[in-house]
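An overview of the molecular structure
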Amino acid sequence: MLRLAYLYRNLTRNPMRALLTCAAVALPIAIYVLSMSVVDGVNRFLDNSARQLRLAVTHRSSIINPLPAGYRAKIESLDPTRTRLLSVCGIDWIGGKIEGDPRPLSTLGADHDTFVQTFPEYRLTPEEIAEWNRDRRAIIVGAAAARQFGWKVGDRITILPSLPPYQPMEFRVISTAPRAEDPLTLWFHRQYLVEARKQAGWEEERVGFYFIKCASQADLDHFRVAIDELFANTPDETKTQDEKAFMNEFITQQFNLPRNLTILAAVTVFVAVMAAANTMSMNFRDRLNELATLKAMGFRGTLISAIIQAESLFLCAVGGLLGAAGPYVAFNHTPLRDFTVPLIQQLDVRAATCGKAMLMAVGISVLAALWPAWLAARMNVVAALRSLE
Amino acid sequence: MSGTDIVLQDVRKVYYKDRLEIPVLEGLDLRVDAGDFVALMGPSGSGKSTLLHLIGGLDRPTSGQVRVGQAELHRMSERQLTAWRSRHVGFIFQMYHLVPVLTAAQNVELPLLLFRMPARQRRQRVQVALDVVGLGDRMDHRPNQLSGGQEQRVAIARAIVTDPDVILADEPTGDLDAATSSEILDLLRLLNSEFGKTIVMVTHDPRAAARSRRTLHLDKGVLDREELHAATPTGAGA
């Protein structure tokens, strides 16, 4: 009991210092949890993409250069039987937002006749598929986007595209994709976009990129090469890669999120180590006489080190708990659970990430106490007592 | 040698500072019989505190032998010295060095954490130690709620709670007024006469030294002279 009392009272003898140290650990741990949640989300998103056996065909020079609309038929001609190359879907990204609302959207126009086969993970019902095929203004909205904007099936919504035709486009929600893994993306008929562009004076029809659904991994590998060979030495050469590589490149080019967030997390954790180490060093210096007296009484150096380590562990554990539990509760049990990261996924703060963060806090505590604990273990009682006289 | 006699033979202690050799004790011989109460006096730098640290196993001689009871301190490792201190020596410091965030009872209990002892037995020993120093009714007071004299009494209780053979006091009255000093010296005499503790006390105060059985005067690292005292009645003033 006295051991606990001693630990507790040492920690509370300077409450402001203890509080600030906990905060200095909690904040980086919270940043670590959020950053790693995004990175994990990106990785899950990419892993999911890898499972879809899809190829992405973009312009060889850059993703921002569109491809000719006629490429779809040429790609389809590589497997007229549709046994290996199951479907080809032309896609245009228009981003967009709702007028008067700053929140960005991830809106894509897709060839409506091949969308369902190319993206089966949306698991649309037969009724939804019928609606999708029937209405050229049909739009499928991700579940999280629907929650954020309060959309429901049957609603009419107007989106202002970020790309041509730059004029409001009206849609009718035909599904909120409750079974889809991607909760953010909005899909509509690309043909509707083509018509809107023509009306606005954009005559030439081009396609942003193509997604191709293959029957097997072997087919994926085969067509990845075959498609680029088909368009070699043309004005619009292609770059074909599997969906994971395409998404990874897209994310990296746009934000380089995983790398930057990992760096951010590492830097903040390093700052936490510095802050906690500073506190533990000050605690050691402030109590030099006390620790020297304990050693004179017969407390071994390792025991005194353990006292310092235990104090550091307690401080960092409290900070770590606050830093990990805060985002977990906020993003799982409050309205923040609908918070989304643009182009990636819903921010899914998982218990496993929080667990890793707690281990990180323990690591911070060990590193923070390393120097004062080493000094304590090697402390010369005579010198320590003399320095105080 | 019997009991916990303290014997130092040809002890030399040299400190080094920036490659400069600073001799503190120069071939010192000393014997303190078990149950004795010795005061160490001398000018600053004469080696009093160093001698106390050597007897207490806080430091080791550069050469020579230091024996306390059966323990040959000059041969013992740091780890062995630490373990030996916890069982055989109680320290009293000029500035008390109590843990400010713990109560008087908790401060006294601290050394008992090094022993395998049930909490109940620890509390009983703490109660006895604080009763001996006259602070049985101040168990739950923190150091900042006690006077200087009371703090030193708590420090004495902490020094005796493990029932050590030897008590080493480094200027125990140096920070106290005359009346309070006298009370502390009475307490030390009580521990010596009634409980048989061997006490070695460093002091600058001749009146405090006079309350011991004998005073050893050190000068330049050697014993200069010895002074025997007649038994001074308790409460005779410092």
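Residues numbered from 1 in each chain as written. Chains lettered and ligands numbered in written order. Predicted model: local features only at pLDDT ≥ 70, side-chain atom pairs only at ≥ 80, totals over all residues. Heavy atoms only, no water.

1. Concerning the domain arrangement of chain A
With domains assigned, chain A is organised as domain 1 (2-45 + 257-388) and domain 2 (66-235). Taken over C-alpha atoms, the centre of domain 1 of chain A sits 47 Å from the centre of domain 2 of chain A. (Domains from an automatic or database assignment.)

2. Considering the sheet that holds strand S8 (residues 169-175) of chain A
Residue and element names in this part refer to chain A. Here we have ten strands laid out as an open sheet, ordered S4-S7-S8-S6-S9-S5-S3-S11-S1-S12, and mixed in their pairing. In this open sheet, the two edge strands, each paired with only one partner strand, are strand S4 (97-98) and strand S12 (238-242). Looking at chain direction, strand S1 (residues 54-59) and S12 are connected through five bridges and run antiparallel. When the bridges of S12 are listed, Val57 appears paired with Thr240. (Pairing = 2+ DSSP bridges. Helix = DSSP H or I, 4+ residues; strand = E, 2+ residues; numbered from the N terminus.)

3. What about helix H2 (residues 78-88) of chain B?
Those residues of H2(B) that fall on the buried side of the exposure criterion are B:Leu81, B:Thr82, B:Trp84, B:Arg85 and B:Ser86. On the buried face of H2(B), the contacting elements are helix H11 (288-297) of chain A together with helix H1 (48-55), strand S4 (63-68), strand S5 (71-72) and strand S6 (89-93) of chain B. (Buried < 20%, exposed > 50% of the residue type's maximum accessible area, 1.4 Å probe, protein only. Contact = heavy atoms within 4.5 Å.)

4. So, the sheet that holds strand S3 (residues 37-41) of chain B
Strand pairing in a sheet takes place through backbone hydrogen bonds and is either antiparallel or parallel in direction. All names here are of chain B. One open sheet accounts for six strands, arranged S6-S7-S8-S3-S9-S10; its pairing is mixed. Here the strands that pair on one side only, and so sit at the sheet edges, are S6 and strand S10 (222-228). Strand-to-strand, the axes of this sheet are offset by a mean angle of 20°, without reference to chain direction. The pairing of strand S7 (residues 166-170) with strand S8 (residues 198-202) spans five bridges and is classified as parallel. Counterpart to Ala169 in the pairing with S8 is Met201. Set on the sheet, helix H5 (residues 148-160) makes contact with S6 and S7; between it and S6 the angle comes to about 165°. (Axes fitted to C-alpha atoms, helices over the stretch in contact; angles between N-to-C directions.)

5. Focus: the pairing of S6(B)
All names here are of chain B. Along S6, five of the five residues are buried, which leaves the element largely enclosed by surrounding structure. Going residue by residue along S6, you find Val89, Phe91 and Phe93 tucked away on one face and Gly90 and Ile92 tucked away on the opposite face as well. Relative to S7, S6 runs parallel, the two sharing five bridges. Note on S7: the bridge partner recorded for Phe93 is Asp170.

6. Overview of the interface of chain B and chain A
On the side of chain A, 23 residues touch chain B, which itself brings 26 residues to the contact. Between chain B and chain A, a total of about 2,300 Å² is buried, with carbon and sulfur atoms accounting for 66% of that surface. A per-residue breakdown of the area chain B buries against chain A is headed by B:His97, B:Val101 and B:Leu113, which together make up 22% of the total. Connecting chain B to chain A are zero salt bridges. When residues in the side of chain B that touches chain A are grouped by element, the largest group, four residues, is from H2(B). Its residues assigned to classes, the side of chain B that touches chain A shows twelve nonpolar, seven polar and seven charged. (Buried area = accessible area lost by both parts, 1.4 Å probe. Salt bridge = Lys/Arg side-chain N within 4 Å of Asp/Glu carboxyl O. Nonpolar A, V, L, I, M, F, W, Y, C, P; charged D, E, K, R; others polar.)

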